[in-house]
Amino acid sequence: MKFKRVLLRITLCIISLVLVLTAVVGCSSKGKTLMQIGKQELTVNMYELLLSRMKGTLTYNNYPTDSESFWDTIISTQGATYNDYFCLSMQQEAKMMLIKLYLFEEVYKLTLPEKYYAEIDEYINDALELIHDGSKTAFNKELSLYGVNIDMLRENYIIEDKIEHLKSHISSQTGDAARDEYYNENYVRFRQILLPLYNYLYVADENGDTVYYHEGTERVYYDTTGSTKTGTDGKLIVDENGDTIYYTEEGRIAYNTSKGVTRGIDKDNDGYTDYVMLDKESATIVKDQANKLMEVIQAGDFSTFEDYGEKLSEKELWNAYPNGIYINKNKNYSIAYLDDIQKALTNMAVGDVQVIEADNAYHLIMKYQAEEQAYKNKANQDWFEEFEDEVVTDILNAMCQKYLEQVTVDEKALAEAMDMKSVGANTDY
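Quick caveat, the model's predicted, so the values are computed rather than measured.

A. Quick peek at the sheet that holds strand E2 (residues 40-43). The strand order E2-E1-E9 describes an open sheet built from three strands, whose pairing is antiparallel. The open sheet has two edge strands, E2 and strand E9 (408-409), and neither has a second partner. Of the pairings in the sheet, the one linking strand E1 (residues 33-37) to E2 comprises four bridges and is antiparallel in character. Opposite Gln36, over in E2, you have Glu41 as the bridge partner.

Put into structure tokens, the structure is as follows:
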């Protein structure tokens with residue numbers, strides 16, 4: 001049930017929100033038919049569920065979805081409003097999803113394995129018991145805000161899984177020639193020298209010096225070339241782990257900074273090391289450094305770029321991706337600086353260098369020649385986690401184009417359906 005997975009990672013901009021929504025079409029006999037191709041149908045109720053999910057997505061991203069004026073805002077010279085735009089977007093997406101269902105049922109004649117039905121029933125039952133205390137009446141009352149009931153919701157999830165199964169089938173039939181074509185048309189490669197406008201906060205001792213540990217342990221990694229001290233009991237001074245403490249000539253703790261590892265502070269428990277932004281003067285120094293590097297590193301001088309990368313970048317970050325970073329130049333990214341890097345790389349030639357200014361850092365990037373079939377290299381897997389899905393989606397969307405004219409729409413039923421103003425904001429189903 002892909003939609004529920006999508007809800008957990010909604011961060012994209014408005015246009016990408018339209019693209020990432022998955023199948024929300026149904027062939028249930030319950031409800032008035034809105035769209036049809038072959039024997040496959042999309043009901044008005046299913047279309048309203050689609051609208052509710054979009055409204056929920058916008059609500060999640062802090063759009064003023066409760067405001068009439070927002071939906072009535074004119075956004076084009078043709079007089080279209082936000083309400084018009086999102087309704088039309090969902091109608092077009094619904095057509096594509098309906099065609100994919102048609103491909104599953106009537107072209108490829110596939111069958112959804114029984115385990116998917118069991119998983120769907122388990123999910124719905126959990127929602128019924130945990131959220132609505134086992135009351136179908138209460139559950140259906142909530143779902144009515146989104147245009148459906150429990151049976152319709154179940155049918156929707158079945159259709160979603162059928163389309164995911166169709167994508168798996170298409171993937172199994174896809175050869176590397178198609179993957180190479182998509183890769184070569186969409187992906188670019190670069191490396192970056194990151195010049196942060198912040199300082200990370202690490203565990204420090206009472207002198208304010210950063211503590212270095214043996215990796216994976218609580219034991220401090222001391223520099224044993226330092227000196228030791230003896231306590232009043234005549235014994236060497238040790239730490240709480242029983243390890244002898246070594247000191248510098250100045251009497252501070254001597255840490256092995258080359259072999260030891262630091263430990264970040266994460267007071268908010270968000271999984272990331274806390275940091276503090278640089279003051280204005282320090283930030284200006286970083287900016288000047290970025291501009292000077294642009295003058296020093298000539299286009300195509302990969303060796304000099306990598307030398308500075310080794311010297312200036314955080315060691316772990318620079319060494320993490322020795323093959324470079326891959327980015328899809330035709331994909332919408334939710335992070336502003338990735339969007340800016342993407343736009344820059346689209347217009348850069350291999351070997352070109354450019355500075356991208358972000359809120360928290362300056363990114364000095366150099367475009368590299370993309371390696372052949374980089375998506376197959378395990379070392380690059382962080383950049384290609386969604387690659388197969390992207391390829392299959394691209395193939396399926398192209399396949400659907402020839403069926404678009406065969407989709408019939410009941411315009412009267414469409415006119416009577418809820419729109420973005422009246423439908424509920426659905427963030428759960």
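B. Structural detail: a nonpolar patch on the surface. Judged by side-chain polarity, Tyr200, Tyr275 and Met277 come together as a nonpolar surface patch covering roughly 280 Å² of accessible area. Tracing the backbone shows Met277 in strand E5 (residues 275-277). Owing to a relative accessible area of 42%, Met277 belongs among the partly exposed residues under this scheme.

C. Representation of the pairing of strand E3 (residues 187-196) in the model. Most of E3 is tucked away, with nine of its 10 residues classed as buried. Sheet topology note: the E3/strand E6 (residues 325-328) ladder contains four bridges and is antiparallel. Directly across from Arg189, in E6, lies its bridge partner Tyr326. Where E3 meets strand E8 (residues 361-368), eight bridges bridge the pair, whose relative direction is antiparallel. Bridging from a neighbouring strand, Leu194 pairs with His363 of E8.

D. Focus on the layout of surface pockets. Counted as a void, the second largest pocket has a volume near 900 Å³. If you go around the second largest pocket, you meet 24 residues; those closest to its centre are Tyr200, Tyr202, Glu314, Lys315 and Glu316. Residues that form the lining of the second largest pocket fall into these classes: nine nonpolar, eight polar and seven charged.

E. View of helix H13 (residues 336-347). The end-to-end C-alpha distance of H13, which contains 12 residues, comes to 18 Å, matching closely the 16 Å that a straight helix rising 1.5 Å per residue would cover. Among the residues making up H13, those that are buried are Asp339, Ile341, Gln342, Ala344 and Leu345.

F. Representation of the pattern of salt bridges in the model. The tally for this structure, following the rule as stated, stands at 17 salt bridges. For Lys376, the salt bridge is made with Asp176, and the minimal N-O distance between the two is 2.4 Å. Here Lys376, found in the loop between E8 and helix H14 (387-400), pairs with Asp176, found in helix H9 (residues 176-186); they are 200 residues apart in sequence, far enough to count as distant. Residue class for Lys376 comes out partly exposed when judged on its relative accessible area of 47%. Among the salt bridges present, the one from Glu388 reaches Arg179, with a minimum N-O distance of 2.8 Å. In this pair, Glu388 is assigned in helix H14 and Arg179 in helix H9, connecting sequence segments 209 residues apart. On the basis of relative accessible area, Glu388 is assigned to the partly exposed category, the value being 27%. Look at the salt bridges and you will find they share partners, linking Asp176, Arg179, Lys376 and Glu388 into a network.

G. Looking closely at the packing of H9 against H14. Where H9 contacts H14, the two axes come as close as 10 Å, and the packing angle between them is 100°. In terms of orientation, H9 and H14 fall into the roughly perpendicular class. For the pair H9 and H14, the contacting residues are Ala178, Arg179, Tyr182 and Tyr183 in the first and Phe387, Glu388, Glu390, Val391, Asp394 and Ile395 in the second. Residue composition of the contact of H9 with H14, by class: six nonpolar, no polar and four charged.

The rules we used
Residues numbered from 1 in each chain as written. Predicted model: local features only at pLDDT ≥ 70, side-chain atom pairs only at ≥ 80, totals over all residues. Heavy atoms only, no water. Pairing = 2+ DSSP bridges. Helix = DSSP H or I, 4+ residues; strand = E, 2+ residues; numbered from the N terminus. Patch = residues over 30% accessible without salt bridge, like charges linked within 9 Å, V, L, I, M, F, W, Y side chains within 5 Å. Areas by Shrake-Rupley, 256 points an atom, 1.4 Å probe, with all protein chains shown as cover. Salt bridge = Lys/Arg side-chain N within 4 Å of Asp/Glu carboxyl O. Buried < 20%, exposed > 50% of the residue type's maximum accessible area, 1.4 Å probe, protein only. 1 Å grid on protein atoms, 1.4 Å probe; cavity = no way out; pocket = protein on both sides within 12 Å on 5 of 7 lines; lining within 4 Å. Points joined across faces, edges and corners; volume = space filled by probe spheres on them. Nonpolar A, V, L, I, M, F, W, Y, C, P; charged D, E, K, R; others polar. Expected span 1.5 Å × (residues − 1). Axes fitted to C-alpha atoms, helices over the stretch in contact; angles between N-to-C directions. Parallel < 35°, antiparallel > 145°, perpendicular 65-115°, else oblique. Contact = heavy atoms within 4.5 Å.

Spatial relationships are all this shows, so hold off on functional conclusions.
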